[in-house]
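What follows is each chain in one-letter form.
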Amino acid sequence: MYFPDLTPYRYFWGFRQPARNCGWLDARHDFAVGPVTDDFLAALRVLTAMPVVRALGFHVCNLCATDARPGFTDERGVRQLLGSAEIRAFHPRGALFAAPNLLLHYVEAHGYRPPDVFIEAALHSARDPAAHAVRLRDYEADRQPADEASLIAWDEELEADQRRYAAAASEAASSEASGIRADSREPER
Ligand SMILES: [Zn+2]
């Protein structure tokens, strides 16, 4: 599942609080690489130990040459598969970011460097894990009731999004020489 960084998060239906995507990487799309601080990695481990949207299927890292499933063991010794859940990071100025828990693997194994605003949010959220837990609980509780019709509409919207992103990506590839970045546009609703 690929979403460009900082686009509106709509993958898992029903959360009322809007969020932005971060770290939904795919081998077919370029991503930012660069060094990150140990503080950020430590923050990411704290957030990874506090997953949301668990076990809704499994995302495999398709940047890896093998189909190995990366894991993560938190401070309490709890082992999690990366690719089986999501994480959230709250920015002190109010933005919320939604990332797959594979983000930790993308940073450690593939040199991915998330946008600065996500790094700020992760550092902020991990600074006080108890407060983060409360925010996550409130966030997860604030969901629209799921009914079949809206779930079907959601699937269709998601598919339409994916088609738009795919079209934008191929457009970007063909217009790279002219310096146009198709993924900098907001997706049309
Ligand atoms: Zn990988």
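Since this is a predicted model, take the numbers as computed values, not measurements.

Trainee: Would you take a moment to explain the overall build of the protein for this structure?
Mentor: Across its full length, the protein carries 5 helices and 5 strands. Secondary structure of the protein in N-to-C order comes out as β-α-β-β-β-β-α-α-α-α. Across the 189 residues of the protein, 23% fall into the buried class. The long-range share in the protein, meaning contacts at least 24 apart out of those at least 6 apart in sequence, stands at 67%.

Trainee: Any chance you could explain unusual backbone geometry here in plain terms?
Mentor: Backbone phi values are negative for most residues with the exception of glycine, while trans is the configuration of most peptide bonds. The backbone of leucine 6 shows a phi angle near 75 degrees, a positive value even though the residue is not glycine. Assignment of secondary structure puts leucine 6 in the segment before β1 (20-21). The partly exposed category is assigned to leucine 6, around which 18 C-beta atoms lie within 10 Å.

Trainee: What should I look at first to understand helix α1 (residues 38-48) in this one?
Mentor: One turn of the α-helix equals 3.6 residues, which is why residues spaced by three or four share an orientation. When α1 is considered as a whole, its buried residues turn out to be Ala43, Leu44, Leu47 and Thr48. Down the axis of α1, the buried side of the element spans an arc of 135 degrees, and every buried residue falls inside it. Seen from the buried face of α1, the exposed residues on the opposite side, beyond 90 degrees, are Asp38 and Ala42. Summarising the contacts, the buried residues of α1 are in contact with β2 (71-73), β4 (86-90), α2 (103-110) and α3 (116-127).

Trainee: In this structure, what is going on with the confidence of the model for the protein? I would like to understand it.
Mentor: The predicted coordinates ought not to be read in detail in places where the model reports low pLDDT. For the protein, per-residue confidence averages 84 on the pLDDT scale, and residues scoring 70 or more make up 79% of the total. Low pLDDT (under 50) marks residues 179-185, which in the prediction has 11 contacts with non-local residues, meaning those over four places away or in another chain.

Trainee: Hey, could you run me through the nonpolar core in this one?
Mentor: In a soluble, globular protein the nonpolar side chains are often hidden away together inside. The biggest cluster of nonpolar side chains holds 28 residues, and the ones touching the most others in it are Leu47, Ala89, Phe97, Leu103, Phe118 and Ala122. Within the residue set of this core, elements represented by two or more residues are α1, β4, β5 (96-100), α2 and α3. Broken down by element, the residue count for this core peaks at 5 residues, all from α3. Discounting chain neighbours no more than four positions away, the residues touching phenylalanine 118 are Cys22, Ala89 and Phe97.

Trainee: Looking at this model, I keep getting lost on the packing of α1 against α3. Mind explaining?
Mentor: The angle between the axes and the distance between the axes are what describe a pair of packed helices. Close contact between α1 and α3 brings their axes to 8 Å; oriented N to C, the two are set at 65 degrees. Viewed along their axes, α1 and α3 form a crossing whose handedness is left-handed. Across the interface between the two elements, Asp39, Phe40, Ala43, Leu44, Val46 and Leu47 of α1 pack against Ile119, Ala122, Leu123, Ser125 and Ala126 of α3. Of the residues assigned to the contact of α1 with α3, the class counts are 9 nonpolar, 1 polar and 1 charged.

Trainee: Before we go on, may I ask you to explain the sheet that holds β1 in this structure?
Mentor: What links the strands of a sheet is backbone hydrogen bonding, and the strands pair in either a parallel or an antiparallel sense. Spatially, 3 strands are ordered β1-β5-β4 in an open sheet, and the strand pairing comes out mixed. Each edge of the open sheet is held by one strand with a lone partner, namely β1 and β4. Here α3 sits on the sheet and contacts β4 and β5; the angle it forms with β4, its principal contact strand, is near 90 degrees.

Trainee: How do you make sense of the environment of alanine 95 when you look at a structure like this?
Mentor: Checked against the element boundaries, alanine 95 lands in the loop between β4 and β5. For the pair alanine 95 and alanine 19, spaced 76 residues apart in sequence, the C-alpha to C-alpha distance is 6.9 Å. With near-sequence residues (within four places) excluded, alanine 95 lies in contact with Arg20, Val117 and Ala121.

Criteria and thresholds
Residues numbered from 1 in each chain as written. Predicted model: local features only at pLDDT ≥ 70, side-chain atom pairs only at ≥ 80, totals over all residues. Helix = DSSP H or I, 4+ residues; strand = E, 2+ residues; numbered from the N terminus. Buried ≥ 20, exposed ≤ 12 C-beta atoms within 10 Å, placed from the backbone. Contact = placed C-beta atoms within 7 Å. Arc of directions from axis to C-beta. pLDDT = per-residue confidence, 0-100. Core = buried A, V, L, I, M, F, W, Y, C linked by C-beta atoms within 7 Å. Axes fitted to C-alpha atoms, helices over the stretch in contact; angles between N-to-C directions. Left-handed = near helix turned anticlockwise from the far one by under 90°. Nonpolar A, V, L, I, M, F, W, Y, C, P; charged D, E, K, R; others polar. Pairing = 2+ DSSP bridges.

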